[in-house]
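The chain contents come next:
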Amino acid sequence: MTDFTQFIAADRGQSARTIHVVHPDGYDEWLGSQPRRVRTAVTAHRLTGKAGDRAVLPADTDDEWSMLLVCNEAVTSPWRIASLGAQLPEGTYRLASGEVGAAGLGWMLAQHRFDRYTKSDPAGARVLLTDDPARIDEMVRLASAVAMVRDLVNTGASDLGPAELEDAADALAKAHGAAVTVARGDALATGYPMIYAVGQAATKERAPRLIELEWGDPAHPRIAIVGKGVVFDSGGLNIKPGAGMRLMKKDMGGAAHALALAGLIMGQRLPVRLHLLVPAVENAIAGNAFRPGDVLKTRQGLTVENTNTDAEGRLILGDALTRAGEASPEMIVDFATLTGAARIALGPDLPPLFTDDEALAADFLAAGSVAHDPLWRLPMWDGYDEMLKSDIADLVNSPDGGFAGAITAALFLRRFVPNDTIWAHIDTFAWRPVAKPGRPKGGEALGLRATYMMLKARYPRG
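Residues numbered from 1 in each chain as written. Predicted model: local features only at pLDDT ≥ 70, side-chain atom pairs only at ≥ 80, totals over all residues. Heavy atoms only, no water.

### Observations regarding the layout of surface pockets
The criterion, for reference: The method works on a 1 Å grid over the protein atoms by themselves. A cavity is a set of points holding a 1.4 Å probe that cannot get out, a pocket is an open set with protein on both sides within 12 Å along at least five of seven lines, and residues with an atom within 4 Å of a point line them. Grid points are joined across faces, edges and corners, and a volume is the space filled by probe spheres set on the points. A run of H or I in DSSP counts as a helix once it spans at least four residues, and a run of E counts as a strand once it spans at least two, with each numbered from the N terminus. In this classification, Asp, Glu, Lys and Arg are treated as charged, Ala, Val, Leu, Ile, Met, Phe, Trp, Tyr, Cys and Pro as nonpolar, and every other residue, Gly included, as polar.
Estimates place the volume of the largest pocket at around 500 Å³. Every residue lining the largest pocket is counted, 26 residues in all, and those nearest its centre are Asp310, Arg314, Leu338, Thr339 and Gly340. Taken together, the elements giving at least two residues each to the lining of the largest pocket come down to helix H11 (313–326), helix H12 (340–346) and helix H14 (405–414). Of the residues contributing to the lining of the largest pocket, the split by class is eight nonpolar, nine polar and nine charged.

Spelled out as structure tokens, the structure:
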């Protein structure tokens, strides 16, 4: 795990190079205020003041250079100076304004590398000085949580199975004084039949399980965080084509988000009773794999006609959501890389949010805006509930026709949530197909920071 504390420090007047971040609208005024040597250097670089322009600026001596970045991102954006965090030489830097704010997060994440499978030359740290040292601890926690999601999602399925997700939960429990319980084998088969059915074709070493972590004062409001943990999704007997299977190591992205969020909640010591649930399976193919047409029992008591073995995530979440509801939580939030329909509707960067609770939806969207971690609310359209009807069971897991795939998946999950519990479902992609400053191609946390900000606002520390 990357040590993010090496990338940010309190500004106590130590020697540092200056970074000038200038908005395009204020570029001419800024340039006019600079000494001739700076204006000459900028002219030599043929800068016009458009967003993305940058240059090394000379000083009185050769080793006292500073940096110019023309940027049109909001001062509140974490990604405002992320490109410099990856490109500048190692050393110590401060912003000319002295105010780092949220930009410290992007600066740190720009220096994070997933190097499990590659040999990379050790690089010295680029240290950013901040005049708000009280925020350093939380920024480091946020960066560590995002990096945890990225690292887990980027890890190949050969190195990350249900047991490794259990190890990640155990490590969190040890770090924060939480308790972990795991249902597997006969206990899983009888108590969580849909989780067992989806994972039963995997090898013994990659056997399915339900991982639960509990933390906090029982007197505090109880919240449940649920994460889909399909460590690899072949599609089952409804096998995916090769192109569709290529990235299915990331189908445990919901579990990665849930684990990272649990770490943030415990690290910040929010006044909640936390219940983390991760149904962990591999959707494999073997003679004992569950089949299209099978009718599955559920922990809740409903029966589900399995129409598509590649719609397995909602099955394992159904049993986990039922278990979460049995403890009478005040709120349930689940993360899942659930549907391709969500990506078709909103693309890779914008996870859909589903909830019937108007206040919770407003809190989520506001938090996402503040955190620059956007969500977009899609409807829980009751009229599509009839698409889940089955001729032989209580419901199907995947309606025919392919209409409203993200919505019908959310409606399926809702069947397993108690009516008196507020609940939100985030259909995250957990992947970035194109790199951006501070956000490399690969595993990504999408919706994590928004959810954390929402919970911080709802459950403030005294």
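### A look at the environment of proline 399
Stated precisely, the cut-off is as follows: For every residue, the accessible area (1.4 Å probe, protein chains only) is compared with the maximum for its type, and the residue is labelled buried under 20%, exposed over 50%, or partly exposed between those bounds. Here, residues are in contact when the closest pair of their heavy atoms is within 4.5 Å.
Tracing the backbone shows proline 399 in the loop between strand S17 (395–396) and H14. A residue is classified by how much of its surface remains accessible, and proline 399, at 15% relative accessible area, is buried. Taking the C-alpha atoms as reference, proline 399 lies 7.5 Å from threonine 307; in sequence the two are 92 residues apart. Here proline 399 is in contact with Met387, Leu388 and Thr408, once residues within four sequence places are set aside.

### Here we look at the nonpolar core
The line we're drawing: For the purposes of this section, nonpolar cores are sets of buried Ala, Val, Leu, Ile, Met, Phe, Trp, Tyr and Cys residues that join through side-chain atoms within 4.5 Å.
By size, the foremost hydrophobic cluster in this structure holds 90 residues, and its most contacted members are Leu165 and Ile265. Those residues in contact with isoleucine 265 that sit more than four places away from it in its chain are Trp215, Ile223, Ile225, Leu270, Val272, Leu274 and Leu455. Ala197, Val226, Ile332 and Met380 belong to the second-largest nonpolar core, a separate cluster that totals 41 residues.

### Side note on a nonpolar patch on the surface
Rules: Each patch is built from residues that are more than 30% exposed by relative accessible area and take part in no salt bridge. Like charges join if they lie within 9 Å; nonpolar side chains (Val, Leu, Ile, Met, Phe, Trp, Tyr) join within 5 Å. Accessible surface area values rest on a Shrake-Rupley calculation with a 1.4 Å probe, where residue burial reflects the displayed protein chains alone. Salt bridges, as used here, are contacts in which a Lys or Arg side-chain nitrogen is within 4 Å of a carboxyl oxygen on Asp or Glu.
A cluster of nonpolar residues, Leu237, Ile239 and Ile285, forms a patch on the protein surface that exposes about 260 Å² of accessible area. Here leucine 237 lies in the loop between strand S10 (229–233) and helix H9 (242–245). Here leucine 237 falls in the partly exposed class, since its relative accessible area comes to 40%.

### Points about the packing of aromatic side chains
Cut-off, in case you're wondering: Think of it this way: a Phe, Tyr or Trp ring, Trp meaning its six-membered ring, pairs with another when their centres are within 6.5 Å, and the plane angle makes it stacked under 30 degrees, edge-to-face over 60, tilted otherwise.
Under the criterion given, the structure shown has seven aromatic pairs. An aromatic cluster is built from Trp65, Tyr93 and Trp107, whose rings are joined through pairwise contacts.

Function cannot be inferred from these measures alone, as they are strictly geometric.
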